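Architecture and fold: a report
Here's the letter readout for the chains.
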Amino acid sequence: MILWARARRIWLLPVALFAWTLLLVLVRDDVAKVPQIAARGSFSIKLMNFVPLILCIPTMYCMSRRLIATEATAARAVAVVDRLALLLLGVSAAGLGFALGEFLDMPTAVAGGRNTVMVLGLALLVHSWYGPIAGGAAATMFVMVSIVTGLAGDQRPYPWAVLLMESTSVVAAVVAAVSFTAGLITMSYRRQIPG
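The following paragraphs examine the structure supplied in this document. Every chain is numbered independently, its residues counted from 1 as its sequence is written. In keeping with the model being predicted, local features are shown solely for residues with a pLDDT of at least 70 and side-chain atom pairs are shown and tallied solely at 80 or more, while totals for entire chains, interfaces and linings include all residues. Hydrogens and waters are ignored; side-chain quantities use all the structure's heavy atoms.

Structural notes on the overall build of the chain
A count of helical and extended segments in the chain gives eight helices and two strands. Only DSSP runs of H or I reaching four residues or more are called helices, and only runs of E reaching two or more are called strands; each is numbered from the N terminus. Going residue by residue from the N terminus, the α and β elements of the chain occur as α-α-β-β-α-α-α-α-α-α. Each residue's exposure class comes from its accessible area (1.4 Å probe, protein chains only) as a fraction of the maximum for that residue type: buried when under 20%, exposed when over 50%, partly exposed otherwise. By residue count, 44% of the 195 residues in the chain fall in the buried class. Two residues form a contact once any of their heavy atoms are found within 4.5 Å. Nonlocal contacts in the chain, meaning residues at least 24 apart in sequence, comprise 72% of its contacts between residues at least 6 apart.

Okay, here's the thing in structure tokens:
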């Protein structure tokens, strides 16, 4: 277990979670003007929508650090330990987002936790088949494409832009749960991709 933690550099995940929480509190409801391709013009996008990447990219790095020969002969199933660590991370992000939303009256924090779980699930799904760089790139592209093309002319998100939906959206919560579950399940089907 110590070798697993050292190889994965698992200490980065609590640091990333702390940075994620701090950034979520700092940006709150702050917005930035972002050009919209689909609606022509620019809309105000909550900065909170960029925050999932703070947790997603370090996670891809940690999950890419592997000792292939040692893991293949390990007495414990390393994929199970990976899944447990990722499950703890996802539950922590969603729980912290909910707690910040309740105690600091920040609905954006609830959406931030949900979006982080969704983006992390997508990154894990892609990582399982194409490696950590592709996983991080897919997460980043999903966030950017959602932000740049996800709003209609009246500043309502399109149905596919679940990242931009309100914190109370049941559809977005279900998509986040499905995405994260799929990412966790595919962790055991990793191809032997270097890096």
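Back to the write-up after that little detour.
Observations concerning the pattern of salt bridges
By definition, a salt bridge exists where a carboxyl oxygen of Asp or Glu is found within 4 Å of a side-chain nitrogen of Lys or Arg. Enumeration over the complete set of coordinates arrives at one salt bridge. Among the salt bridges present, the one from Arg-8 reaches Asp-82, with a minimum N-O distance of 2.8 Å. Of this pair, Arg-8 sits in helix H1 (residues 2-8) while Asp-82 sits in helix H5 (residues 78-103), placing them 74 residues apart in sequence. What makes Asp-82 buried here is its relative accessible area of 0%.

Observations regarding a nonpolar patch on the surface
The residues that make up patches have over 30% relative accessible area and no salt bridge, and they are joined within 9 Å when like-charged or within 5 Å when they are Val, Leu, Ile, Met, Phe, Trp or Tyr. Accessible areas in this description were obtained via Shrake-Rupley with a 1.4 Å probe; residue shielding takes into account the shown protein chains only. A grouping of Phe-18, Leu-22, Leu-23, Leu-26 and Ile-54 is seen on the molecular surface, where their side chains present a nonpolar patch of about 470 Å² in accessible area. Ranked by the residues each element gives to the nonpolar patch, the list is headed by helix H2 (residues 12-27), at four residues. Structurally, the position occupied by Leu-26 is in helix H2. Judged by its relative accessible area of 59%, Leu-26 is exposed.

Structural notes on helix H7 (residues 132-149)
For H7, built from 18 residues, the straight-helix expectation of 26 Å at 1.5 Å per residue is met to within 8% by its first-to-last C-alpha distance of 25 Å. Taken residue by residue, H7 has Pro-132, Gly-135, Gly-136, Ala-139, Val-143, Ser-146, Ile-147 and Thr-149 as its buried positions. By definition here, a helix of n residues has an expected span of 1.5 Å times n minus one.

Here we look at the environment of Ala-137
Structurally, Ala-137 can be placed in helix H7. Considering only alpha carbons, one finds Ala-137 and Ile-57, 80 residues apart in sequence, at a separation of 8.9 Å.

Notes on the layout of surface pockets
Picture a little ball the size of a water molecule; that probe, rolled over the atoms, points out where space is still empty. The rule is simple: put a 1 Å grid over the protein atoms alone, call a set of points where a 1.4 Å probe fits but cannot get out a cavity, call an open set with protein on both sides within 12 Å along at least five of seven lines a pocket, and count a residue as lining if it has an atom within 4 Å of a point. Grid points are joined across faces, edges and corners, and a volume is the space filled by probe spheres set on the points. Quantified by volume, the largest pocket comes out at close to 280 Å³. The wall of the largest pocket is formed by 16 residues, among which Lys-46, Asn-49, Leu-164, Met-165 and Glu-166 lie closest to the centre. Counting residues per element, the ones that place at least two in the lining of the largest pocket are strand E2 (41-46) and helix H6 (107-130). Three residue categories are used. Nonpolar comprises Ala, Val, Leu, Ile, Met, Phe, Trp, Tyr, Cys and Pro, charged comprises Asp, Glu, Lys and Arg, and polar comprises the others, including Gly. A class-by-class count of the residues in the lining of the largest pocket yields nine nonpolar, five polar and two charged.

Looking at the environment of Leu-122
With respect to the helices and strands, the residue Leu-122 is situated in helix H6. A relative accessible area of 24% means that Leu-122 is categorised as partly exposed. What Leu-122 contacts, discounting residues up to four positions off in sequence, is Ala-138, Ala-139, Phe-142 and Ser-179.

Details of the environment of Trp-160
Looking at the element boundaries, Trp-160 is found in the loop between H7 and helix H8 (170-186). Given the relative accessible area of 43%, Trp-160 is considered partly exposed. Note: C-alpha distance between Trp-160 and Ser-146 (14 residues apart in sequence) is 8.4 Å.

Topic: the side chain of Thr-149
By secondary structure assignment, the location of Thr-149 is in helix H7. Taking the relative accessible area as the measure of exposure, Thr-149 reaches 19% and is therefore buried. Any N or O atom pair separated by 3.5 Å or less is treated as a polar contact, with the protein-specific requirement of one donor-capable and one acceptor-capable atom, and with residues adjacent in sequence counted only for side-chain atom pairs. A polar contact is formed between the side chain of Thr-149 and the backbone oxygen of Val-145, at a distance of 2.6 Å.

Some remarks on H5
Look at H5: 37 Å from first C-alpha to last across 26 residues, which is about the 38 Å you get at 1.5 Å a residue. The positive-phi residue at the C-terminal boundary of H5 is Asp-105, with phi of around 55 degrees.

These results come straight from atomic positions and should not be treated as a statement about function.
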